[in-house]
Amino acid sequence: MLAPTPLSRTRALALAVVLPLLVCGLQGWVRPHVPGAMWLLFYPAVYVSCWLGGLVPGVISTVLSIALGWAFFIPHTTTPQGGVLATAVFAAMCALFCLTHERWRRNELRLRVLFAKSADAIIVADLNGRCEGINQAACTLLNAPRDRLKGGSIFDWVLPEHVERLRLALDAIRRGGIERLELTLLTPRGEQRPVELSTNALPDDVWLINLRDIRPRKEAEEALLQMRAELYEAQRLGKIGNWRWNPRTQEAIWSPELYRIYRLDPNQPPPSIAELEKMYTRESQQARDAAIQEALKTGRPYEAERELVLANGERRWIVVTVEGVRSPDGSIGELRGTAQDITERKRIELALVESRKALRDMAAHREQEREDERKAIAREIHDELGQLLAAMRMDVAQLRMKCPEGGATPALQDLSKLVERTIEVMRSLATSLRPSALDLGLLAALEWLTEDFSLRWEIPCTLQVEGEERALDDARATAIFRVVQESLTNVAKHARAHQVSVSVGFEPAVVRVAIRDDGQGFDSSCPPPPGHFGLMGMEERIHALQGQIQIDSQPGRGSHITIEVPTPDSVRT
């Protein structure tokens, strides 16, 4: 039962004075017919004053009633002493009623404020669902004025398909408890609004229905679902899945794309560690175990390539990234990471490596053919043309011997000089094709090359040898010689050097050669200009022999080229 709206202060005080006076006037008519009813007549005056005015009017009415009783009635009774006890009882009963009513009124006022100011929509309905009370939040939620909603049926404010759910919720309340459910309201204007509804039963056969607008939450959930769908779509396009694993509980979480990469059913739980071990090659499994232990120990992230062997025998490559997730106590509680399917890229890389190897093998084969042709041409020039020129020189010498002393004709002298010049050109041509010193070994060829460089370009060039010379096959000796020859040619043409040094070191498994100059240098980190293939040719020659070449140079600091070529014995081993 709701308390009435309190009267104004003036009216309440006037009522507290008037009611006891009216009762006092009635005493003369009532007392002869109902003896001992004096205080009983004053009780209604106090209760009405307190009920309509509050605590202060109730107290004023009580005091005034006691004063009127003692002024007009108690002294005229046969036992005035008994009036003291009756007065005390009257005062105690009135005080108890006034204090109780004030506390009840204040609590009810708080409930009224809570009901009116609550951010949640609150509806008070009878057992048939008819609205008896509704706060402003509910009016705002339903987008209708209070006078239009009050008296209406709550079943008219939900979607038809949700009416049965609401009836079941109310039936559940009759059996006890509080029921919560989500449904969609249908406002009088036809708008749909999702709400969370909670109901419980109140005394006097009424329902207290609390409605909470969950549109922001629904919008957030829809945005989250959209973001998750976009994330999964991005993972599908990028062929990358993510995972999370707790080593203590062995619980794992996989994204849908990770299931696709491993060719597993996404409706099944993630595979166990033992099942995953069967999907990796031996090398990948060993590396994976070591990396996981390191991540659990240090928490440092790592990235590596792993090869999978699936149940159907298909081989796939993935790039795995792993990092540790620290617990509040600082320990590594979980591991998380990603796995990206790079099978297609790996196949292209392997095909590219095979193609590059084939090109290198073909280039090495062509270069070997060119060296064989140079060697054959050089020998043919040296043997055939050299013999003809030697015979021509002997013929010219015999002609000069037949002439009187000092009587050789100018034409014969010119012919003799022409023969000598032709022999020199023939030797130079044969040497440029293939130095004959190569037939004597690598060191002999390098000695001839450095001396010829110093004489031709007037740049000091020294040769240093470390270790005992080892016999090399013709392919290795020729490749090393050609690389040194190309390096010295570059120094002569571009370096503007004042000094060059060539060092050769013979070790049990490798031959190491270094060429240094103090020229102007260049930026070795930049690719060579278009059309310049000298450095590339040097690299290809050495790589064809399973060797290594390093070119270090900076502008103004000269150049340093280091070559390492394995010996034939080490390659066979």
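Scroll up to find the structure this text is about.
Our subject in this report is the structure included herewith. Given the structure is predicted, the values throughout are model-derived calculations rather than measurements.

1. So, the environment of R112
Looking at the secondary structure, you find R112 in helix 4 (residues 80–117). Here R112 falls in the partly exposed class, since its relative accessible area comes to 38%. Spatially, the C-alpha atoms of R112 and D569 are 101 Å apart, while their sequence positions differ by 457 residues.

2. Focus on a negative patch on the surface
Taken together, the side chains of E447, E451, E468 and E469 make up a negatively charged region of the molecular surface. Among the structural elements, E469 can be located in the loop between strand 11 (461–466) and helix 15 (474–495).

3. Considerations on a nonpolar patch on the surface
On the surface, a nonpolar cluster with roughly 540 Å² of combined accessible area is contributed by L13, V17, V18, L21, L22, V56 and I60. Elements represented by at least two residues in the nonpolar patch include exactly helix 1 (9–30) and helix 3 (55–72). In terms of residue count, the dominant contributor to the nonpolar patch is helix 1 (5 residues).

4. A look at the sheet that holds strand 11
With mixed pairing, the 5 strands of this open sheet are ordered in space as 11-12-13-15-14. Among the strands making up the open sheet, the edge pair consists of strand 11 and strand 14 (548–553). Within the sheet, the average angular offset between the axes of one strand and its neighbour, ignoring direction, is 10°. Pairing between strand 14 and strand 15 (residues 559–566): 6 bridges, direction antiparallel. Bridge pairing links I549 to I563 in strand 15. Helix 14 (residues 442–457) rests against strand 11 and strand 12 (500–506) of the sheet, and its axis sits at about 160° to strand 11. In the packing of helix 16 (residues 534–544) onto the sheet, contacts are made with strand 14 and strand 15, and the angle to strand 14 comes to roughly 150°.

Calculation rules
- Within every chain, residues take consecutive numbers counted from 1 along the sequence as written.
- The predicted origin of the model limits local features to residues at a pLDDT of at least 70 and limits the giving and counting of side-chain atom pairs to 80 or more, whereas totals for whole chains, interfaces and linings rest on all residues.
- As a rule here, side-chain values come from all non-hydrogen atoms in the structure, and water together with hydrogens is ignored.
- To qualify as a helix, a DSSP run of H or I must reach at least 4 residues; to qualify as a strand, a run of E must reach at least 2; elements of each kind are numbered from the N terminus.
- Exposure is judged per residue with a 1.4 Å probe applied to protein chains only, and the accessible area is read against the type maximum: over 50% gives exposed, under 20% gives buried, and values in between give partly exposed.
- Here, patches come from residues exposed beyond 30% relative accessible area and free of salt bridges, joined within 9 Å for like charges and within 5 Å for nonpolar side chains (Val, Leu, Ile, Met, Phe, Trp, Tyr).
- Residue burial considers only the protein chains on display, and all accessible areas are found by Shrake-Rupley using a 1.4 Å probe.
- Any carboxyl oxygen of Asp or Glu that lies within 4 Å of a side-chain nitrogen of Lys or Arg is treated as forming a salt bridge with it.
- His is not counted here, nor are the chain ends, while Lys and Arg score as positive and Asp and Glu score as negative.
- In this description, the location of a charge corresponds to atom NZ of lysine, CZ of arginine, CG of aspartate or CD of glutamate.
- Two strands are counted as paired when DSSP detects at least two bridges linking them.
- Think of each axis as a best-fit line through the C-alpha atoms, taken over the contacting stretch in the case of a helix, with angles from 0 to 180 degrees between the N-to-C directions.
- By definition, residues are in contact when any of their heavy atoms lie within 4.5 Å.

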